[in-house]
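Close look at the chain arrangement
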Amino acid sequence: MVSAVFHSPIEAVPPDAAPRDLKVVPKAAANDAAPTPAPVRKQPFDWRGLWLRVLPPLAGLGLLVVLWEIVSVATAGSIPTPRDTWAQAVDVFSNPFYRNGPNDQGVGWNVLSSLQRVAMGFGLAALVGIPAGFAIGRFTFLSRMFNPLISLLRPVSPLAWLPIGLLVFKGANPAAIWTIFICSIWPMIINTAVGVQRVPQDYMNVARVLNLSEWKIVTKILFPAVLPYMLTGVRLAVGTAWLVIVAAEMLTGGVGIGFWVWDEWNNLNVKNIIIAIFVIGIVGLLLEYALIKLASAFTFEEVRS
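Residues numbered from 1 in each chain as written. Predicted model: local features only at pLDDT ≥ 70, side-chain atom pairs only at ≥ 80, totals over all residues. Heavy atoms only, no water.

1. What about the overall build of the protein?
- A tally of helices and strands in the protein yields 13 helices and zero strands.
- The helix and strand sequence of the protein, counted from the amino end, reads α-α-α-α-α-α-α-α-α-α-α-α-α.
- Counting over 305 residues, the protein shows a buried share of 32%.
- In the protein, the share of contacts with a sequence separation of at least 24, taken over all contacts with a separation of at least 6, comes to 67%.
- Only carbon and sulfur atoms are counted for the fraction: they give 68% of the accessible area of the protein, which is about 20800 Å². (Helix = DSSP H or I, 4+ residues; strand = E, 2+ residues; numbered from the N terminus. Buried < 20%, exposed > 50% of the residue type's maximum accessible area, 1.4 Å probe, protein only. Contact = heavy atoms within 4.5 Å. Areas by Shrake-Rupley, 256 points an atom, 1.4 Å probe, with all protein chains shown as cover.)

2. Here's the deal with the packing of helix 9 (residues 201-209) against helix 10 (residues 214-252)
- Running from N to C, helix 9 and helix 10 point in directions that differ by 150°, and their axes come no closer than 11 Å. Regarding the angle of helix 9 to helix 10, the classification is roughly antiparallel. At the point where helix 9 passes helix 10, the crossing takes the right-handed sense. Contact with helix 9, carried on its side by Tyr203, Met204 and Ala207, involves Ile217, Ile221 and Leu222 of helix 10 and no other residues of that element.
- Here the contact of helix 9 with helix 10 is built from residues that sort into six nonpolar, no polar and no charged. (Axes fitted to C-alpha atoms, helices over the stretch in contact; angles between N-to-C directions. Parallel < 35°, antiparallel > 145°, perpendicular 65-115°, else oblique. Left-handed = near helix turned anticlockwise from the far one by under 90°. Nonpolar A, V, L, I, M, F, W, Y, C, P; charged D, E, K, R; others polar.)

3. Some points on the environment of Gly121
- Inspection of the secondary structure puts Gly121 in helix 5 (residues 107-138).
- Assessed through its relative accessible area of 0%, Gly121 is described here as buried.
- Expressed as a C-alpha distance, the spacing of Gly121 and Ile180, which sit 59 residues apart in the sequence, is 5.1 Å.
- Excluding residues that lie within four positions of it along the chain, Gly121 makes contacts with Ile177, Ile180 and Phe181.

4. With respect to the layout of surface pockets
- Its volume calculated, the largest pocket comes out at about 330 Å³.
- Lining the largest pocket are 14 residues; nearest its centre among them are Trp68, Thr85, Trp86, Ala89 and Phe278.
- Class assignment of the residues belonging to the lining of the largest pocket gives a composition of twelve nonpolar, two polar and no charged. (1 Å grid on protein atoms, 1.4 Å probe; cavity = no way out; pocket = protein on both sides within 12 Å on 5 of 7 lines; lining within 4 Å. Points joined across faces, edges and corners; volume = space filled by probe spheres on them.)

5. What to know about the packing of aromatic side chains
- Following the criterion strictly, the structure yields five aromatic pairs and no others.
- Consider the rings of Trp161 and Trp178, whose centres lie 6.1 Å apart with planes at 80°: the pair is edge-to-face. Linking Trp161 in the loop between helix 6 (140-153) and helix 7 (162-169) with Trp178 in helix 8 (residues 172-197), this pair joins segments that are 17 residues apart in sequence.
- Given the relative accessible area of 14%, Trp161 is considered buried.
- Geometrically, the ring pair formed by Phe169 and Trp178 is tilted, given 6.3 Å between the ring centres and 50° between the ring planes.
- A residue is classified by how much of its surface remains accessible, and Phe169, at 40% relative accessible area, is partly exposed.
- A connected cluster of aromatic rings, assembled from ring pairs, spans Trp161, Phe169, Trp178 and Phe181.
- Here Arg99 stacks its cationic end above the ring of Trp109, 4.1 Å away from the centre of that ring. (Phe/Tyr/Trp six-rings, centres within 6.5 Å; stacked < 30°, edge-to-face > 60°. Lys NZ or Arg CZ within 6 Å of the ring centre and 35° of its normal.)

6. Here's the deal with unusual backbone geometry
- Of note in the backbone geometry, Lys170 takes a positive phi value of approximately 60° without being a glycine.
- The topology assignment puts Lys170 in the loop between helix 7 and helix 8.
- Of note in the backbone geometry, Asn211 takes a positive phi value of approximately 60° without being a glycine.
- Relative to the helices and strands, Asn211 is located in the loop between helix 9 and helix 10.
- In this structure Asn211 comes out as exposed when scored by relative accessible area, which is 67%.

7. Re the side chain of Ser143
- Among the structural elements, Ser143 can be located in helix 6.
- Beyond its immediate sequence surroundings of up to four residues, Ser143 is in contact with Ile136 and Gln197.

8. Details of the pattern of salt bridges
- On inspection of all chains with the given rule, the structure shows three salt bridges.
- Between Glu214 and Arg138 there is a salt bridge, with its nearest N and O atoms 2.9 Å apart. With Glu214 in helix 10 and Arg138 in helix 5, the pair connects residues that are 76 residues apart, well separated along the chain.
- A relative accessible area of 33% places Glu214 in the partly exposed class.
- A residue is classified by how much of its surface remains accessible, and Arg138, at 26% relative accessible area, is partly exposed.
- Between Glu288 and Arg235 there is a salt bridge whose closest N-O contact spans 2.7 Å. Here Glu288, found in helix 12 (residues 270-297), pairs with Arg235, found in helix 10; they are 53 residues apart in sequence, far enough to count as distant. (Salt bridge = Lys/Arg side-chain N within 4 Å of Asp/Glu carboxyl O.)

What follows is the structure in C-alpha cells.
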C-alpha cells in the first residue's frame, strides 16, 4: 500500500530558496499606495441654455402683443386691445361646450366638429393616396400615366372643388369632407411615390435574386424605406386639411370653427374672431407636434434631425 503526503506550496519551498529581492509590504502601506478616486464634480446648471430656449419665444410673444396694442390704438379701438380680448377669452372658455340651438354652440363643439370632418376627409385621402403613391412609384407605366394628371389637378385651389362636392353630394357636410379629401391626397401621393423611387436599386436587385413576391417586396423592402417620406406627406396633408376646413365651413355653414368665425363676423364680434384665430393656430400647432412625434418614433436616427 502506497501512501502519499501532500504539503502546501509554502511549506514545500525552503526558506533559503525564497528570492532575496522579495519584500513584504505592510497592509497599511499597501492601502496608502492605492490610487484614490478623483472626486466627482457636480455640473453647474446651464442657465445660459435655459435663457436661450425660453427668452426668444417670450420675446416673440411680447413683440406680438406690442404690435397688437399699437394697431388697436391706431384703429381707434376697431381692433380690440389684448387685455379686452383676454377678458373675452376667459368668458368664452369658461363654458366652451354649451348648446343653445343648432347654430349657437360653444367653441369646444365647433372645434370638435371641424376635427371630425378633417379626420374623415384625411382618413379617406390616406386610404387612397398612400397605396396610389406606392403603385405610381413602383411601376414606370403608372408614373408616366398619372404624372400629368397630378401636375394638372394639384395646383387647383381647394375652394374650387367645393361647388363640385355640393353638386355631387347634395349636402354641406359631405361637400366639406370631399374638399378635404381632394386637397389632402396630393401630398401623400407625391411624397410616397418619391420615396419609392428613391429606394436603392441594390435592394431591388437582392429581391430579384431571392425571387421575392411583390407583397414581400412592398412589406419588407419598400415600406420601411419609404416610411419617412410617407410620414412627411401625412404631415403636409394634415396641415393642408386644417387650413381648408376653416375656409370650407365659412361657405357651407353648420357647426365648425370656420362657421363660428363667419357667424361672429356677422355679429360684428371682433374679439371672438381674434380668439378663433388663436384657437385655429393652437390646434394646428398641436396636430403638427403630434405628427412630428409620430414621425420621430418610426424613422431612423439620421432622419429624425
